[in-house]
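# Coordinate inspection notes
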Amino acid sequence: MFTLAQLVSFVAVAEELHFTRAAERLRMTQPPLSRQIQLLEHELGVQLLDRTNRTVRLTPAGRTFLSEARTILRQTEAATLAAQQVSAGEAGAIAVGYTAAGAYSALGTLLDVARSVMPRTEVVLREKVTRDQLEAIADGSLDLGMIRPSSTGPDLVTRPAIKEGLLAAVPLGHPLAEGAGPLRMSAFDGQDVLMYSPVEARYFHELLVSIFRTARITPRLTQYLSQVHSLLAMVNAGWGIAFVPEAAAQMRFSGITFRTLELPEPTPVELYLAWRRTNDNPALHTLLQHL
């Protein structure tokens, strides 16, 4: 099989139609250049150039091969550049997981950073609850997760991304939908409240249980759901009150009023970035560096 050096030599001679000028262009002497052309013709089994003491011309086979040789060299350059960009974390692909609520807060910032500093990198988005993200990070199908605080393992790295407030989503027409200013948690004692699932939405479930316990209130829990948008749909239908991250107020429902809360900790909702310590995807580390 011919070599890339032979192709480069042939293209130079074919374009210059002069061995001396081609050798100068390649910064080499003429005898090694002539040898490269001879080896190429021997490998192909065809004559590519008609040479005389005064002229060099392409044969019909040489004219056809010149076009293909240029294509091969362009593809080689493109392949080299692509490999270098992936190695530098400037190209390739990165799989990012996010929770439904996280899509309304930190996900936009992450995508803006990726688009700005890694425009040739494909970002593959996968909506998953925290538990499923951790499993995907562990098995390598997810590079980066945007998770709620959870237990960590020896190969898992986590970093805080954002903290945000908690809002009460109240159906229009409900007494608590009226008024201004933060609501005290005591106002929700005995009220119909839509609750997070203790399994699929464990973080929010435990967060609210702690808040209820601190406030010494006992709401009437009517439904257990796992996703913020499902809770808001139920509020919009008038089934009760829900407590949601502040960013969820971006979801516009005509039948919901969002009320701020008077809490000991004003920003109790946390979101973390998580990745596997041994993940060797260069795009992941480039994104983390700029985040």
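In short, a report on the structure.

Calculation notes
Residues numbered from 1 in each chain as written. Predicted model: local features only at pLDDT ≥ 70, side-chain atom pairs only at ≥ 80, totals over all residues. Heavy atoms only, no water. Helix = DSSP H or I, 4+ residues; strand = E, 2+ residues; numbered from the N terminus. Contact = heavy atoms within 4.5 Å. Buried < 20%, exposed > 50% of the residue type's maximum accessible area, 1.4 Å probe, protein only. Lys, Arg positive; Asp, Glu negative; His and termini not counted. Salt bridge = Lys/Arg side-chain N within 4 Å of Asp/Glu carboxyl O. Polar contact = N/O pair within 3.5 Å; in protein donor to acceptor, adjacent residues only side chain to side chain. Expected span 1.5 Å × (residues − 1).

### With respect to the side chain of S197
Here S197 shows up in the loop between β9 (192-196) and α7 (202-215). In this view, S197 contacts R202, H205, Y224, L225 and S226; residues no more than four positions away in its chain are not counted.

### Points about the side chain of D143
Turning to its location among the elements, D143 is positioned in the loop between α6 (130-139) and β5 (144-147). With no salt bridge to any partner, buried D143 finds its closest opposite charge in R276, at an N-O distance of 6.3 Å. One polar contact links the side chain of D143 to the main-chain amide nitrogen of A95, over a distance of 2.9 Å. A polar contact of 3.3 Å, which involves the side chain of D143, links it to the side chain of N281. Excluding residues that lie within four positions of it along the chain, D143 makes contacts with A93, I94, A95, A274, W275, R276, N279, N281 and L284.

### Observations concerning α7
In this model, α7 (14 residues) spans 20 Å end to end at C-alpha, consistent with the 20 Å of a helix rising 1.5 Å per residue. Regarding α7, the residues found buried are Y203, F204, H205, L207, L208, I211 and F212. Contacts made by the buried residues of α7 are with β7 (166-171), β9, β10 (220-225), β11 (242-245) and β13 (269-276). At the exit of α7 stands R216, carrying a positive phi of roughly 55°.

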